[in-house]
Every structure is written in structure tokens, then in C-alpha cells.
Amino acid sequence: MTKPSIGFIGLGLMGAAMVGRLQDKSYDLHVVANRSREAIDKAVGRGATEHGSAREVAAASDITMMCMDTSASVEARMMGDDGIIAGLSDGKTVLDFGTSLPASTRMLGEKVAAAGGTYLDAPLGRTPAHAVDGLLNIMASGDKAAFDKVEPVLQDLGENVFHLGALGSGHTIKLINNFIGMTTACAVSEAFAMADKAGVPRQQVYDVMAAGPVHSGMMDFVKAFAVDGDPTKLAFAIKNGRKDVGYYATMADDAGVTSLMSGGTKTALGMARDSGQADDMVCQMVDFFANLFDEKTGK
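This is a predicted model, so every value here is computed, not measured. (Residues numbered from 1 in each chain as written. Predicted model: local features only at pLDDT ≥ 70, side-chain atom pairs only at ≥ 80, totals over all residues. Heavy atoms only, no water.)

**Student:** A description of the overall build of the protein chain should follow, citing residues and the corresponding values.
**Tutor:** When helices and strands are counted, the protein chain shows 13 helices and nine strands. Against the compact-globule benchmark of 19 Å for 299 residues, the protein chain has a radius of gyration of 21 Å, which places it among compact chains. C-alpha atoms of the protein chain, sized along the principal axes, occupy 65 × 45 × 35 Å. Taking as baseline every contact in the protein chain between residues at least 6 positions apart, the subset at least 24 positions apart corresponds to 66%. When the accessible surface of the protein chain is summed, it comes to about 13400 Å², and 54% of that surface belongs to carbon and sulfur atoms. A distance of 1 Å separates the average location of the 27 positive side-chain charges in the protein chain from that of its 36 negative side-chain charges. (Helix = DSSP H or I, 4+ residues; strand = E, 2+ residues; numbered from the N terminus. Rg over C-alpha atoms; globule rule 2.2 N^0.38 Å. Contact = heavy atoms within 4.5 Å. Areas by Shrake-Rupley, 256 points an atom, 1.4 Å probe, with all protein chains shown as cover. Lys, Arg positive; Asp, Glu negative; His and termini not counted. Charge placed at Lys NZ, Arg CZ, Asp CG, Glu CD.)

Printed below as a string of C-alpha cells:
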């Protein structure tokens, strides 16, 4: 069976790894430059076709994929004379692999449908290292027939591929997941910094916590930096964590409710971001809390 042609927009760390995986699987790739040339040049060097606009990518592709940083970036690539929607025709599919606002996703879905295509949200779990080997978790939602059509491609990218229901469900679940993850990471980070102030070794705190019901993978990621000095176990930037928790709070507002628990997490991540740690990994929130406590106590 002939494989569909793939358009890919957003070749950051995750997107570039996914493009490499698709090329390993012999898909025909169409790309457009976004912020930097390195990943684009590498993809073109392996046979991808570079285009001058998102519209041209969509026109040349059966499936257009995006891996963008924010809903604003997604909307900018989707709409306008040079946007993806302008390049769509009947039967084409667009996937958003980023973490976006569900309300934005549903709005874009209507515009894609009006152009004859189908829009699916498919946010990701795991890391670029998993993407290289096709081991992502993919939380897809939207029209089931369209999902079934693109599922073989998703199976080449992911170890666990879910269909979660109506359009926007994937982004909703991803935001809930990231809210829990970022809140846990911030709580554990503060706990290690508090241990310093209380004169208790971080390793002892971890040993006790890890032996009880609060033990989690996120705790281990933070401990890897707090105790072992390794920030690579949780390769997710503070600025991105703040964005996702902010989106979670906005999603709550859109539903007519107020999130109480996200407030502290959002504030802490925002303060760390604005104090110069935007590009640090979330596990390095330990340093933020430690510095904050030092400033408070004068030592």
C-alpha cells in the first residue's frame, strides 16, 4: 500500500525527532522553516521537500502535522492566506501534536471542516528520545473515521496510541495530565528546599517519601536533579510548564469553574520563569525554591 505524503510544521526538538522517525519509515516529507534552519536542512538532506509556506505544505500533503509551542502559534500557521487551511482540499487531514487550548482546537476544527478536511488533536507524552524510536504516547481525538485512516502513521510514531473521543478531548486530557505533573514537580521541589532549611538531608527525605504512597515517577525526576545533580531526567522547560498550567486554568475558566490547585503552581513557575530560569528544566524548580527561601531568611 502506498504511504501517505506527510507535511510537518514545527521542527523543534520533538518535531525534528518525529520527522527523523517518519523518514526512517520511508514517508515522503514536506516541510517549511519556522525558527531555525538546522533541523530543516537535515530533513531536506534526507530527501524532504522544503516549501515556502504552510499553505504549500498542506497542498502537497495528504496529512499535515504540527508540533508547535502555543495555541497562538498553531492558529498563526493554520489561518491566513498562507496558512494550512488555505492549502486544504477534500479528504486531507491536519493533526496538532502540541499542547493547545481545547476551545482553540474546536474552533480550528470547524474551519478545517469548512475547507473539506478533518482536524485531529493528538498531543504527545514522553520525550524526543522516545520519538526517535517511535515510542511516544499519542492522545488523539476527533472524527473516528479520520483517525482510523491516519492510525497506521501514528503507530509508526507511538508505542501507545489512544483515540479519546470528540475533538479537543486529547488536549483536555493532556492539560489535566500536565497540571498534575507540574503541580507534583513543584511540590516535590519545594519539599527538597524545605528540607535544606530544616536541616534534613535531601536523600533522607527522598528515601522516606519513595517508600510511601506519594512515590511517583515525577518525584524520581526531581530527585535526580535535587540529589544527584542530573537535570536531564525531566527534559521539560519551566516556561513550557507555566504555559501548560496557564492553559489548564483557562480551560477551567472556559468551563465556568475556577481551578484552586493550579494557582500556586502557576505562580511558582511564573516567578521562576521571570527570574531568569525560563529555559531551565522543571526539576530545577528546586533551585528556585532554595533561592527564594534563602532570600526570605537572609542566608
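**Student:** So, the sheet that holds strand β2 (residues 29-32): which residues are in play, and what are the values?
**Tutor:** Judged by pairing direction, the sheet is parallel, and its six strands sit side by side in the order β3-β2-β1-β4-β5-β6 without closing on themselves. Each edge of the sheet is formed by a strand with only one pairing partner; in this case those strands are β3 (49-51) and β6 (118-121). Across the sheet, the mean angle from the axis of one strand to that of its neighbour is 25 degrees, orientation sign disregarded. Bridge count for strand β1 (residues 6-9) against strand β4 (residues 63-66) is four bridges, and the pairing is parallel. The residue of β4 that forms the bridge with isoleucine 6 is isoleucine 63. Those strands touched by helix α4 (residues 71-78) are β1, β2, β4, β5 (93-96) and β6, and its axis lies near 150 degrees from that of β4. (Pairing = 2+ DSSP bridges. Axes fitted to C-alpha atoms, helices over the stretch in contact; angles between N-to-C directions.)

**Student:** Kindly report on the pattern of salt bridges, identifying the contributing residues and their values.
**Tutor:** In the structure shown here, the tally under the stated rule is twelve salt bridges. Between lysine 144 and aspartate 148 there is a salt bridge, with its nearest N and O atoms 2.7 Å apart. Note that lysine 144 and aspartate 148 are positioned in helix α7 (residues 144-157) at a spacing of four residues, about one turn of the helix. On the basis of relative accessible area, aspartate 148 is assigned to the partly exposed category, the value being 37%. Among the salt bridges present, the one from lysine 223 reaches aspartate 228, with a minimum N-O distance of 3.0 Å. (Salt bridge = Lys/Arg side-chain N within 4 Å of Asp/Glu carboxyl O. Buried < 20%, exposed > 50% of the residue type's maximum accessible area, 1.4 Å probe, protein only.)

**Student:** Help me get a handle on the sheet that holds strand β8 (residues 136-140), residues and values and all.
**Tutor:** With respect to topology, three strands assemble into an open sheet ordered β7-β8-β9, the strand pairing being mixed. Both edges of this open sheet fall to β7 (124-125) and β9 (158-163), since each of them pairs with a single strand only. One ladder, built from two bridges, connects β7 with β8; its direction is antiparallel. Each residue of the ladder has a partner; that of glycine 125, found in β8, is asparagine 137.

**Student:** Residue-level account of the side chain of histidine 30, with values.
**Tutor:** Within the element layout of this structure, histidine 30 appears in strand β2. Excluding residues that lie within four positions of it along the chain, histidine 30 makes contacts with Ser5, Ile6, Gly7, Phe8, Thr49, His51, Val57, Ala60 and Ser61.

**Student:** Just give me the short version of the environment of alanine 58, but keep the residues and values in it.
**Tutor:** With respect to the helices, strands and loops of the structure, alanine 58 is situated in helix α3 (residues 54-60). Along the sequence, alanine 58 and histidine 30 sit 28 residues apart, while their C-alpha atoms lie 8.5 Å from each other. Residues contacting alanine 58, with those up to four places away along its chain left out, are Thr64, Ile84, Gly87, Leu88 and Lys92.

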